[in-house]
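Commentary on secondary and tertiary structure
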Amino acid sequence: MKLLNPLQKYIENLDTVCISEERKTILQPLVEYIQSKSASKEKIQLNFICTHNSRRSHLAQVWAQTMAAYFNIPKIDCFSGGTETTAVYPSIIQSLEDTGFDVLIQTQGENPHYKIIYTSENDSILAFSKKYDDVFNPQNSFAAIMTCSQADAGCPFVAGAATRIAITFEDPKISDDTDKQKEVYAARSKQIATEMKYVFSKINL
């Protein structure tokens, strides 16, 4: 599976050495879950969950799916959801486009659907805001990955999840409507991309 050229170059330049030992410890349960499923040739389903399914959960979903392709990890499907439905925040789409993804708007409205293309064969991720238990998402045998502390605390039970892993990120929303907005969103995207690169680089096929 060949990634889009700009995206390939962006990923190659991500430096996982900068990840702290504390963050590596937080990421380790996800490494172990993926490795266990991969070793037994099972389907791997990851559902990244945040409160509004508008920012961090989408970045995590998109970068995890892309890193799986980058490292040729088979049989993996990444999803995202929230404890409530809103919309993908436009700065998330902008950040993804800036790092090499092709994005097409599939539907307009209050909760637009975006087709996020990451390979030269037009493999894509459909991004839109939804609850974590939406019919679009897996109903069982998945890892629930909590990407924000509010969702982690406010959603003590995720029905159907085989395991639950907390990997929280600071919300780029803090920069909304400031002159640092684009910079902060780019930095959060880069952090999540770097950490997902680290996770998938640890998987032995």
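Our subject in this report is the structure included herewith. Everything numeric in this text was worked out from a predicted model, so none of it was measured.

What follows concerns the pattern of salt bridges. Within this structure, the stated rule accounts for 8 salt bridges. Taking the shortest distance from any N to any O, the salt bridge between Asp 176 and Arg 55 comes out at 2.9 Å. Residue Asp 176 is found in the loop between strand S7 (161–166) and helix H6 (181–201), and its partner Arg 55 is found in the loop between strand S1 (44–50) and helix H3 (56–70); the two are separated by 121 residues along the sequence. According to the relative accessible area criterion, Arg 55 is buried, its value standing at 10%. With its nearest N and O atoms 3.7 Å apart, the salt bridge here joins Glu 170 to Arg 188. Of this pair, Glu 170 sits in the loop between S7 and H6 while Arg 188 sits in helix H6, and the two are 18 residues apart along the sequence. On the accessibility criterion, Arg 188 (11% relative accessible area) is buried.

Before going further, it helps to examine the packing of helix H1 (residues 5–12) against H3. Viewed as axis vectors pointing N to C, H1 and H3 meet at an angle of 90°, and their least axial separation amounts to 12 Å. Regarding the angle of H1 to H3, the classification is roughly perpendicular. In this structure, H1 uses Leu 7, Gln 8, Tyr 10, Ile 11 and Glu 12 to contact H3, whose residues at the interface are Trp 63, Thr 66, Met 67 and Tyr 70. Looking at the contact of H1 with H3 residue by residue, the class counts come to 6 nonpolar, 2 polar and 1 charged.

The next thing to look at is the sheet that holds strand S5 (residues 124–127). Taken in spatial order, the 3 strands line up as S3-S4-S5 in an open sheet, and their pairing is antiparallel. Edge positions in the open sheet fall to strand S3 (102–107) and S5, since each of these has one partner strand only. For this sheet the average axis-to-axis angle between neighbouring strands, irrespective of direction, equals 25°. Relative to strand S4 (residues 113–117), S3 runs antiparallel, the two being bridged by 5 bridges. Paired with Val 103 across the bridge in S4 is Ile 116. In this fold H3 packs onto S4 and S5, with an angle of close to 170° to the strand it touches most, S5.

So, on to the pairing of strand S2 (residues 76–82). Regular strands place side chains that alternate from one sheet face to the opposite one. Of all 7 residues that make up S2, 6 are buried, and the element is covered over most of its length. Where S1 lies against S2, 7 bridges are found, and the strand directions are parallel. Within the sheet, the bridge partner assigned to Cys 50 lies in S2 and is Gly 82. Read as a crossover between parallel neighbours, the route from S1 over H3 to S2 is right-handed.

Calculation rules
Residues numbered from 1 in each chain as written. Predicted model: local features only at pLDDT ≥ 70, side-chain atom pairs only at ≥ 80, totals over all residues. Heavy atoms only, no water. Salt bridge = Lys/Arg side-chain N within 4 Å of Asp/Glu carboxyl O. Helix = DSSP H or I, 4+ residues; strand = E, 2+ residues; numbered from the N terminus. Buried < 20%, exposed > 50% of the residue type's maximum accessible area, 1.4 Å probe, protein only. Axes fitted to C-alpha atoms, helices over the stretch in contact; angles between N-to-C directions. Parallel < 35°, antiparallel > 145°, perpendicular 65-115°, else oblique. Contact = heavy atoms within 4.5 Å. Nonpolar A, V, L, I, M, F, W, Y, C, P; charged D, E, K, R; others polar. Pairing = 2+ DSSP bridges. Right-handed = clockwise from strand over helix to strand, strands pointing away.

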